[in-house]
Amino acid sequence: MTRQMTGAEMVVQALIDQGVDTVFGYPGGAVLPIYDAIFQQNHIKHVLVRHEQGAVHAAEGYARSTGKPGVCLVTSGPGATNAVTGLTDALLDSIPIIVLTGQVPTFMIGSDAFQEADTVGITRPCTKHNWLVKETDALSGVLHEAFHVATSGRPGPVLIDIPKDVQFASGTYNAPQPSTSHYQPTVKGDITSVTELVEAMEKAERPLFYTGGGVINAGPAASQLLRELVSSTNFPITSTLMGLGAYPASGDNWLGMLGMHGLYEANMAMHGCDLMINIGARFDDRITGVISEFSPNSTKAHIDIDPSSINKVIRVDIPIVGDVGHVLEDLMKVWKSRGRKTNSAAVGNWWSQIKEWQAIECLKFTQQGKVIKPQYALSRLEALTKNHDRYITTEVGQHQMWAAQYLGFEDPNRWMTSGGLGTMGYGFPASIGVQMGHPESLVINVAGEASWLMNMQELGTAMQYNLPVKQFILNNERLGMVRQWQELLHGERYSSSWSESLPDFVKLAEAFGAKGILCSDPDDLDEAIMEMLNHDGPVLFDCLVEKHENCFPMIPSGKAHNEMLLGDADTQGAIDAKGSVLV
Amino acid sequence: MSDLNLKKGTSAKSAYNLRPNFSDIVERHTLAVMVENEPGVLARVIGLFAGRGYNIESLTVAEVDHEGKLSRITIVTTGTPQVIEQIKAQLGRIVTVHEVHDLTVEGPSVERELAIFKVAGDGEKRVEALRLADIFRANVVDSTLKSFVFEITGAPEKIDAFADLMRPLGLVEVARTGVAALSRGG
């Protein structure tokens, strides 16, 4: 099916044909024809953000919570450069988004025209792929290919740069066809390797599943298969920050998150296991601690759709390249056909060991006095919201780690956080994107006051579209994680890690027409949280918390999984000179 | 231990054998990368090497299939086996890369490079330069009373050897194309 239309109309038609219902964007000179085409239709809703970075994070939140690709539309020059942080964030967390940028007309490219930037050059290293489209006839093909590339294989951000004359000119529009692109990543794992993994599982005495964002990205069916596999083998399971929710936090075999601020039992199990089954995780440095002492006595299997993830950081014994869903399906088949065997006696002993580690209760804290502990605030938030249809986003820092530790995720796509890039300012716009995808659900952004201020302008967006996102700010008047590292590593010299002149968040909310709630007394907390939940509209919740609380457990830089710090008493001289150069 | 079944760059001795024998010894590998001949593709490849800190000893690129719009990039790189495997996997990730072949491990291959040498001098040195050029089957492509320009084709080692010999005889300037390589046999 082909039709004649302008380039701008093609953009809108392609988005409709690809099933897009929401676009996050900000207009400008070089995208005016596309905005004009958007104005003249009713299929796609455009959400006007207040800064292009917000548009990209909102699209990320939308994508992660719905499983569909997120779409952004921004102008040339500064519009495009403002999108770079979001693109890099989506690249590191493997989030499928399509960013459309306007560009100066083709005949002006290279002349340093007004609002001209080399957008494809700037974004080449922070996209999975990008295109500069110089002919209107080529535009529809590139638009459809962009969706294919963003969502196939390891998902990621793509960018299409569209010069203004290409938007104005007429050309031939082609409807989406089944992709004939040469880019068709392998999704089926090698069955010999799958069988080898099953053999290892049958013999393992101390097995452990270590799962990551790849399970979420593989879709809900993959999470379902994972749950089935865990319950039928009775192996323990831990997950990265990115993978929370693939296996339910209330599940019997759940050890909690692993890594730098992961749970004691999860990290000890990683260190002590004899078979590590990595499913869709990538041995990130927040996970491994010091490489030379990482899980020294285990056979390591690694299931990943991206061949470059395998052996990049940690040498593995059983590599399986493929989509997690496909590989788990084959794995279940092979394991069942061989008689569903495990070394259950040994696994039982392994569980006894794990139960001893769990008895340490590494997340234990005591709320006393009149100052709210951040852990207490999140425990109460969890208690009062866990039965809601709930989505959580976060900013980056201590509050993010506490949220991962104290909130429970029962399903995939419910937890949106900037894992790889660690982007402060991610959570608020992401919560807007999530709420757009789930208008009836409860969407909470767990934030620190410093992170939240980085994209606070989006309160205008939340108000304009009546998005009742709840901003739960743990306000310690500090850059908490920076402060913690300065305490542990830099002789308690708190260089630029506190905020003076913080705004009155209640008044700030009111200035935008939103509701502000201040809470500083632990006795008032439950009531204040209920007030937040009962308000139909955006809420800024300013929760004043203990200013010098540190986040534990913690694997210090340069240390191994079994050298965790469990509390303040452990911190003296915990990080040596070699560890202090690491981030 | 089986090789993995992968689409991109798959060959019998796969460039994607993901169970390599890791060692700390730095090896020199010649990679042939088939890419879509579209704007920016070379920047993607070079950007990958720069961004991830890999070495490029030489790199040549030209279109080899006009109808299929394919170019062949020949890269000579160095690294430990783990780094070489990463380089190949990272190249394979680029959307416009069609195939990655590691000619160093995929069997015997031929490597050729073209170089042009300007040698200036007179008297006995000039005669000696011409005599050595003849031995190396280098052609004289320009000549004045005080200089020669030699064109020489061969493996990089042969060109290195010729350069060593020309240096004391008045070598002024060298231009080299970098390596083009193909696997041997059918």
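The preceding data block contains the structure.
Counting restarts for each chain: residues are numbered from 1 in the order of the written sequence. Chain letters and ligand numbers both follow the written order, the letters beginning at A and the numbers at 1. Totals for whole chains, interfaces and linings use all residues, but because this is a predicted model, local features are given only for residues with pLDDT of at least 70 and pairs of side-chain atoms are given and counted only at 80 or more. The basis for every side-chain value is the complete set of non-hydrogen atoms in the structure, without hydrogens or water.

The next thing to look at is the pattern of salt bridges. Residue and element names in this part refer to chain A. The rule for a salt bridge is simple: a side-chain nitrogen of Lys or Arg has to be within 4 Å of a carboxyl oxygen of Asp or Glu. Scanning all chains against the criterion turns up 29 salt bridges over all chains. A salt bridge links Arg338 to Glu202, with the shortest nitrogen-to-oxygen separation between them at 2.8 Å. One end of the pair, Arg338, is in the loop between α14 (324–337) and α15 (344–358); the other, Glu202, is in helix α9 (residues 191–203), with 136 residues separating them in the sequence. Throughout, exposure labels follow a simple rule: accessible area from a 1.4 Å probe, protein chains only, divided by the maximum for the residue type, with under 20% read as buried, over 50% as exposed, and the rest as partly exposed. Owing to a relative accessible area of 29%, Arg338 belongs among the partly exposed residues under this scheme. Here a helix means four or more residues in a row that DSSP labels H or I, a strand means two or more in a row labelled E, and each is numbered from the N terminus.

Our next topic: the nonpolar core. Residues and elements named next belong to chain A. As used here, the term nonpolar core means buried Ala, Val, Leu, Ile, Met, Phe, Trp, Tyr and Cys residues forming a set that is joined through side-chain atoms within 4.5 Å. By size, the foremost hydrophobic cluster in this structure holds 104 residues, and its most contacted members are Leu378, Phe472 and Phe541. Top contributing element to this core by residue count: α14, with 7 residues. Leave out the neighbours within four places in its chain, and Leu378 touches His399, Trp402, Ala403, Tyr406, Leu407, Val446, Phe472 and Leu474. Ala58, Val74, Leu87 and Met436 belong to the second-largest nonpolar core, a separate cluster that totals 41 residues. Should any heavy atoms of two residues lie within 4.5 Å, those residues are considered in contact.

Residue and element names in this part refer to chain A. Pairing between strands requires that DSSP locate at least two bridges from one strand to the other. If you trace the 6 strands from one edge of the open sheet to the other, you get β3-β2-β4-β5-β7-β6, paired in parallel fashion. Since the sheet does not close on itself, it has two edges, and those belong to β3 (45–48) and β6 (129–132), each with one partner. Pairs of neighbouring strands in the sheet enclose a mean axial angle of 20 degrees, with direction left out of account. The pairing of strand β4 (residues 70–74) with strand β5 (residues 97–103) spans 5 bridges and is parallel. Looking at the pairing, Val74 lines up with Thr101 of β5. Fitted lines through C-alpha atoms give the axes, limited to the stretch in contact for helices. The angle between two N-to-C directions lies from 0 to 180 degrees.

All names here are of chain A. Taken in spatial order, the 6 strands make up an open sheet running β16-β15-β17-β18-β20-β19, and their pairing is parallel. Edge strands, defined here as strands with exactly one partner in the open sheet, are β16 (415–416) and β19 (515–519). When strand β15 (residues 390–394) meets β16, the two strands line up parallel, connected through 2 bridges. Bridged to Thr393 within β16 is Met416.

What follows deals with unusual backbone geometry. All names here are of chain A. A cis amide bond, omega -5 degrees, links Phe552 with the succeeding residue Pro553. With respect to the helices and strands, the residue Pro553 is situated in the loop between β20 (539–544) and α24 (577–580). For Ser295, which is not glycine, the phi dihedral falls at a positive 30 degrees. Note on placement: Ser295 falls in the loop between α13 (285–288) and β13 (299–304). One non-glycine residue, Ser496, lies in positive phi territory at about 55 degrees.

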